[in-house]
Amino acid sequence: MSLQPKHIYVTLCTLFIVYSFSIYLQPYFKNTVADTDAIAAGRIVWQKNNCQTCHQLYGLGGYLGPDLTDVYSAPGKGKDFIRAMLATGIKQMPPFHLSEKEFAQLTAYLKSVDESGNADPRQFKKLNTGMIEEK
Ligand code: HEC
């Protein structure tokens, strides 16, 4: 029996179905340790207080303040630093009087953002050939 178009067709259809199932059966979050409820609530705190109008996450958002994608793990910054910034405000940023619960949720969100991406994805090295290469 020689290989006929219909065999290829059936094979491709079968692979398509198997692959689709394998994708849809994967959980949304691979990280099952993280407190996803707190993270989701923290995103709401972030949105309700309009942090994104002045700050970026993953490079997207307003440009009055700095990108906060990595603020949670940045040297000399982190949770206490964020607390101080919110309590006092800085430059054009007004103070935000969040409850302890809201603060915990907001920092859980910022921590998860930090773990999942970088502030500036555009980090390239210029090569002598005139090309660029990701760092
Ligand atoms: C009206 C615009 C505005 C809003 C809204 C705002 N910020 Fe800011 N934020 C700023 C500016 C401006 C700075 C200071 C930038 C500088 O130091 O030059 C800042 C600084 C910060 C810093 C210090 C960042 C660093 O790396 O030095 C943190 C943390 C921060 N904001 C968190 C927040 C959070 C969380 C919210 C929402 C609850 C928020 N901000 C809402 C304008 C804003």
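No experiment lies behind these values; they were computed from the predicted model shown.

**Overview of the coordination of the iron atom of the ligand**
Taken together, the protein donors to the iron atom of the ligand comprise His55 (NE2) and Met93 (SD), at separations of 1.9 to 2.0 Å. Between the 6 donor atoms coordinating the iron atom of the ligand, the angles at the centre fall across 88 to 178°, so the site counts as octahedral. Here the residue histidine 55 occupies a position in the loop between α3 (51-54) and β1 (56-57), and methionine 93 occupies one in the loop between α4 (79-88) and α5 (100-116), the gap between them amounting to 38 residues. A relative accessible area of 11% places histidine 55 in the buried class.

**A closer look at helix α1 (residues 5-24)**
Between the first and last C-alpha of α1 there are 29 Å, a value that for 20 residues agrees with the 28 Å anticipated at 1.5 Å per step. Counting buried residues in α1 gives 0 out of 20 residues, a small share hidden from the surface.

**Here's the deal with the packing of α4 against α5**
One way to put it is that α4 packs onto α5 with a least axis distance of 11 Å and a crossing angle of 125°. Between α4 and α5, the crossing angle belongs to the class labelled oblique. Along this stretch, α4 crosses α5, giving a crossing that reads as right-handed. Contact residues: α4 offers Lys79, Ile82, Arg83 and Leu86, while α5 offers Glu100, Phe103, Leu106, Thr107 and Leu110. Class assignment of the residues belonging to the contact of α4 with α5 gives a composition of 5 nonpolar, 1 polar and 3 charged.

**Some details on the pattern of salt bridges**
Under the counting rule described, the total for this entry stands at 3 salt bridges. Here arginine 83 ties to glutamate 100 by a salt bridge, and the two come within 2.8 Å at their closest N and O atoms. Here glutamate 100 lies in helix α5 and arginine 83 lies in helix α4, a separation of 17 residues in the sequence. Here arginine 83 falls in the partly exposed class, since its relative accessible area comes to 34%.

**Concerning the nonpolar core**
For soluble globular proteins, nonpolar side chains are generally found buried alongside one another. Ranked by internal contacts, the top residues of the largest apolar core, which has 16 residues, are Trp46, Leu57, Ile82, Leu86, Leu106, Tyr109 and Leu110. Mapped onto this core, the elements with two or more residues apiece are α2 (36-48), α4 and α5. Broken down by element, this core gets its largest block of residues, 5 residues, from α5. Not counting chain neighbours up to four residues away, the residues in contact with tyrosine 109 comprise Ile39, Gly42, Arg43, Trp46 and Leu57.

**Quick look at the side chain of threonine 69**
Position of threonine 69 relative to the elements: it lies in the loop between β2 (60-61) and α4. Residue classification places threonine 69 among the buried positions, given a relative accessible area of 0%. A distance of 2.6 Å separates a polar side-chain atom of threonine 69 from the backbone nitrogen of tyrosine 58. Not counting the four nearest positions on each side in its chain, threonine 69 is found in contact with Gln56, Leu57, Tyr58, Gly59, Leu110, Val113, Asp114, Gly117, Asn118 and Ala119.

**Observations concerning a nonpolar patch on the surface**
Among the surface-exposed residues, Leu3, Ile8, Leu12 and Leu15 lie close enough to one another that they form a single nonpolar patch of about 430 Å² accessible area. By relative accessible area, leucine 3 is classed as exposed at 67%.

**Overview of the confidence of the model for the protein chain**
Averaged over every residue, the pLDDT of the protein chain is 90; the share at 70 or more is 93%. Across the protein chain, the secondary-structure element scoring lowest on mean pLDDT is strand β3 (residues 124-126), at 83, and the one scoring highest is α4, at 97.

What counts and what doesn't
Residues numbered from 1 in each chain as written. Predicted model: local features only at pLDDT ≥ 70, side-chain atom pairs only at ≥ 80, totals over all residues. Heavy atoms only, no water. Donors = N, O, S within 2.8 Å, 3.2 Å for Na, K, Ca; no water. Tetrahedral: all angles 85-135°; square planar, octahedral: opposite > 155°, others 65-115°. Helix = DSSP H or I, 4+ residues; strand = E, 2+ residues; numbered from the N terminus. Buried < 20%, exposed > 50% of the residue type's maximum accessible area, 1.4 Å probe, protein only. Expected span 1.5 Å × (residues − 1). Axes fitted to C-alpha atoms, helices over the stretch in contact; angles between N-to-C directions. Parallel < 35°, antiparallel > 145°, perpendicular 65-115°, else oblique. Left-handed = near helix turned anticlockwise from the far one by under 90°. Contact = heavy atoms within 4.5 Å. Nonpolar A, V, L, I, M, F, W, Y, C, P; charged D, E, K, R; others polar. Salt bridge = Lys/Arg side-chain N within 4 Å of Asp/Glu carboxyl O. Core = buried A, V, L, I, M, F, W, Y, C linked by side-chain atoms within 4.5 Å. Polar contact = N/O pair within 3.5 Å; in protein donor to acceptor, adjacent residues only side chain to side chain. Patch = residues over 30% accessible without salt bridge, like charges linked within 9 Å, V, L, I, M, F, W, Y side chains within 5 Å. Areas by Shrake-Rupley, 256 points an atom, 1.4 Å probe, with all protein chains shown as cover. pLDDT = per-residue confidence, 0-100.

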